[in-house]
Amino acid sequence: VIPDLQAIVGDEHVLVDPDLKASYETDWTGRFTGTALAVVRPRTTEEVAAVLLVCASAGAKVMVQGGNTGLVGGGVPAGGEVLVSLARLTDIGPIEAGQVTVGAGVTLAALQAKALAEGFDFGVDLAARDSCTIGGMIATNAGGIRVLRYGSMRRQLVGIEAVLADGSVLSRMPGLDKDGTGYDLVGLLAGSEGTLGVITQARLRLWPRLTQRAVALLAAESVEAIVEMLPALRGGLPSLAAVEFFLPPGLGLVRKHAGLPAPFSAEHPAYLLVECTDRVDPLDQLAAVVEELPGLVDATVATDAAGQRALWGYREKHTESISAEGVPIKLDVSLPLTLLASFIAQVGPKIEAACPGARPIMFGHVNEGNVHVNILDTGSLHDEVTDAVLQLVASLDGSISSEHGVGRAKVPWLGLTRSPVEIAAMRAVKNALDPTGLLNPGVILG
Ligand code: FAD
Ligand code: MLT
Ligand code: ZN
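Asks: In this structure, what is going on with the pattern of salt bridges? I would like to understand it.
Replies: A side chain of one charge can pair with a side chain of the opposite charge when the charged atoms of the two come close. Applying the stated rule across the entire model yields 18 salt bridges. Note that R129 and E316 form a salt bridge whose closest N and O atoms lie 2.8 Å from each other. Pair noted here: R129 is in the loop between β6 (120-121) and α5 (134-139) and E316 is in helix α12 (residues 305-316), with a separation of 187 residues, a long-range link. Each member of the pair R129 and E316 is classed as buried. As a salt-bridge pair, R172 and D179 come within 2.7 Å of each other at their nearest N and O atoms. Its relative accessible area of 35% is what places R172 among the partly exposed residues. Judged by relative accessible area, which is 38%, D179 ranks as partly exposed. A single salt-bridge network, built from bridges that share partners, covers D121, D125, R129, R146 and E316.

Quick look at the structure:
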């Protein structure tokens, strides 16, 4: 296939040299790695379609990749696939009627810069913003730190263009807020992790920019207390934009690897980072609600942008600080809020029983009951530890993946929180759109 691919995208955009391919072949965590037959870097939708046709007719499987910040091994090759990188689809159109059309390879940071410059904001934000792409974020239905205000990636989508496995281009781009004509194909591609089509463009909703911001870091007497604070925060703060939690083990790693000072004079059982954004300064409103919170033991509020960034650092530097300590098992689960504290209390002993000495670090998006369970020092007991955590999640009516997707990492556990009927329906959709299994083999359904 190499000469045919070169004829489509040009020799310089078909990488076969192992050194040039290397950064595409290992995921962000360093856990998943495989060799690609070649890395192909198309520039347009037409080139993506032609690449897929060449691969299909040669029987070469395809892996789809955006910014390669995914955390479930869904964007790197298992071995022998043609890796199609969307990183060169970087066009950003004009903002019209609060919407914008962007290429799949546009990074989140580039979209944010465009939106901010014109008085808008984009609804999804996450710490990988400089590298993750809009295509990858749609494919994983990324969540991040502002879901409570604006929803996940699927909610930002008003149109999509994608190349299907047979090379045809599915395009639904008029940007209609309402469209009752049959199946929601735009929504279907969100969260499909590259298994149903290669996303090439998206039409996205933007939100009015809110310039006034207040950020507080709260220390709580227990994990139960942070969950109990939520109704007061949600009810008392119409400007609430983010509520994120972390615990002492994560804070310790962030302080060690990012060199941050202790946020409080003493260590506390649980921490909550709260952000409000509005047209008028929400600081007084936030301070008034915080004062009355049950279970609060300490609080610090940042009034200027530098101080706010510093407080966010305690939360956002978790991922890189954990990876600086070792290669973790990364689990990303959702629990009903009423069971979140019970899950956190039970999961440590379950991990210890499966792998004595393993170190769990938990943090996440508490409003959605989304806990990132990272586990270090698991040696060869990867599957045993994963199984212990995910069985507990299933027993508490949670989900084994909240926002990172299934990828290759969670395939054996999908049946824990998706029924046989649901999995059969998913398989039917996959078979209908990609009958030869060309796209992202092994991802989601195995
Ligand atoms: P990739 O890693 O390249 O790919 C991810 C998946 O999408 C793969 O299955 C791939 O095949 C598929 N894919 C990529 N592009 C396309 C396309 N154009 N068409 C079809 N399929 C495609 N995630 C969250 O949800 N919330 C967070 O808060 C969050 N924080 C993070 C913080 C850090 C520091 C890091 C490293 C990651 C974080 N992530 C988070 C995970 C990751 O950033 C997201 O999953 C992101 O959406 C992946 O985008 P990407 O472009 O890097 O995709
Ligand atoms: C986050 O919220 O920071 C992430 O989803 C990344 C992670 O789980 O490490
Ligand atoms: Zn997250």
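Asks: Would you explain the coordination of the zinc ion (ligand 3) in this entry?
Replies: Ideal geometry at a metal gives 109.5 degrees between four tetrahedral donors and either 90 or 180 degrees between six octahedral ones. Only H365 (NE2), H372 (NE2) and E403 (OE) from the protein coordinate the zinc ion (ligand 3), and they sit 1.9 to 2.1 Å from it. Within one chain, the residues donating to the zinc ion (ligand 3) are spaced in sequence as H-x6-H-x30-E. A residue pair is termed long-range when its members are at least 10 positions apart, and H372 in strand β17 (residues 370-376) and E403 in the loop between α15 (382-395) and α16 (414-417) qualify at 31 residues. A relative accessible area of 5% places H372 in the buried class.

Asks: Quick question: what am I supposed to make of unusual backbone geometry here?
Replies: Among all residues except glycine, the phi angle is most often negative; among peptide bonds, the trans geometry is most common. Phi angles above zero are rare outside glycine, and E193 is one such case at about 50°. We classify E193 as buried; its relative accessible area is 9%. The phi torsion at D397 lies on the positive side, around 65°, for a residue other than glycine. Residue placement: D397 occurs in the loop between α15 and α16.

Asks: Is there a simple way to explain the layout of surface pockets in this structure?
Replies: The rolling of a water-molecule-sized probe over the atoms marks out the regions of remaining empty space. Volume-wise, the second largest pocket comes out at about 930 Å³. Together, 44 residues line the second largest pocket, and G191, E193, R418, M426 and I444 are the ones closest to its centre. Looking at the lining of the second largest pocket, the elements with two or more residues in it are α16 and α17 (420-433). Here the lining of the second largest pocket gets 7 residues from one element, more than from any other, and that element is α17.

Asks: How should I be thinking about the site of ligand 2 in this particular structure?
Replies: Surrounding ligand 2, one finds L71, R315, T319, K330, F363, H365, H372, E403 and H404. Between ligand 2 and H404 there is a distance of 2.7 Å, counted from an oxygen atom to a side-chain nitrogen or oxygen. Protein contact buries 87% of the 270 Å² of open area that ligand 2 shows by itself. Class assignment for the residues of the shell around ligand 2 results in 2 nonpolar, 4 polar and 3 charged.

Asks: It is not clear to me how the sheet that holds strand β8 (residues 169-172) should be interpreted in this structure. Could you clarify?
Replies: Neighbouring strands of a sheet are bound in pairs by backbone hydrogen bonds; such pairs are parallel or else antiparallel. A sheet is described by the order of its strands in space; here 4 strands give the open sequence β5-β9-β7-β8, paired in antiparallel fashion. Each having just a single partner strand, β5 (99-103) and β8 make up the two edges of the open sheet. Between one strand and the next, the sheet's axes are offset by a mean angle of 15°, whatever the strand orientation. Pairing geometry for β5 and strand β9 (residues 198-205), over 5 bridges, is antiparallel. Its bridge partner lying in β9, V100 is registered against L204.

Asks: Quick question: what am I supposed to make of the pairing of strand β7 (residues 157-163) here?
Replies: Each regular strand shows side chains that alternate between the opposite faces of the sheet. Burial analysis of β7 places 7 of its 7 residues in the buried class, which makes it a mostly covered element. For β7 and β9, the ladder comprises 6 bridges, and the chain directions are antiparallel. Paired with G159 across the bridge in β9 is R203. In the sheet, β7 pairs with β8 via 4 bridges, with the strands oriented antiparallel. When the bridges of β8 are listed, E161 appears paired with S171. Taking the residues between adjacent antiparallel strands as the criterion, β7 and β8 are bridged by 5 residues, where G167 takes a positive phi near 90°.

Cut-offs and rules
- Residues numbered from 1 in each chain as written.
- Chains lettered and ligands numbered in written order.
- Predicted model: local features only at pLDDT ≥ 70, side-chain atom pairs only at ≥ 80, totals over all residues.
- Heavy atoms only, no water.
- Salt bridge = Lys/Arg side-chain N within 4 Å of Asp/Glu carboxyl O.
- Helix = DSSP H or I, 4+ residues; strand = E, 2+ residues; numbered from the N terminus.
- Buried < 20%, exposed > 50% of the residue type's maximum accessible area, 1.4 Å probe, protein only.
- Donors = N, O, S within 2.8 Å, 3.2 Å for Na, K, Ca; no water.
- 1 Å grid on protein atoms, 1.4 Å probe; cavity = no way out; pocket = protein on both sides within 12 Å on 5 of 7 lines; lining within 4 Å.
- Points joined across faces, edges and corners; volume = space filled by probe spheres on them.
- Near = heavy atom within 4 Å.
- Polar contact = N/O pair within 3.5 Å; in protein donor to acceptor, adjacent residues only side chain to side chain.
- Areas by Shrake-Rupley, 256 points an atom, 1.4 Å probe, with all protein chains shown as cover.
- Nonpolar A, V, L, I, M, F, W, Y, C, P; charged D, E, K, R; others polar.
- Pairing = 2+ DSSP bridges.
- Axes fitted to C-alpha atoms, helices over the stretch in contact; angles between N-to-C directions.

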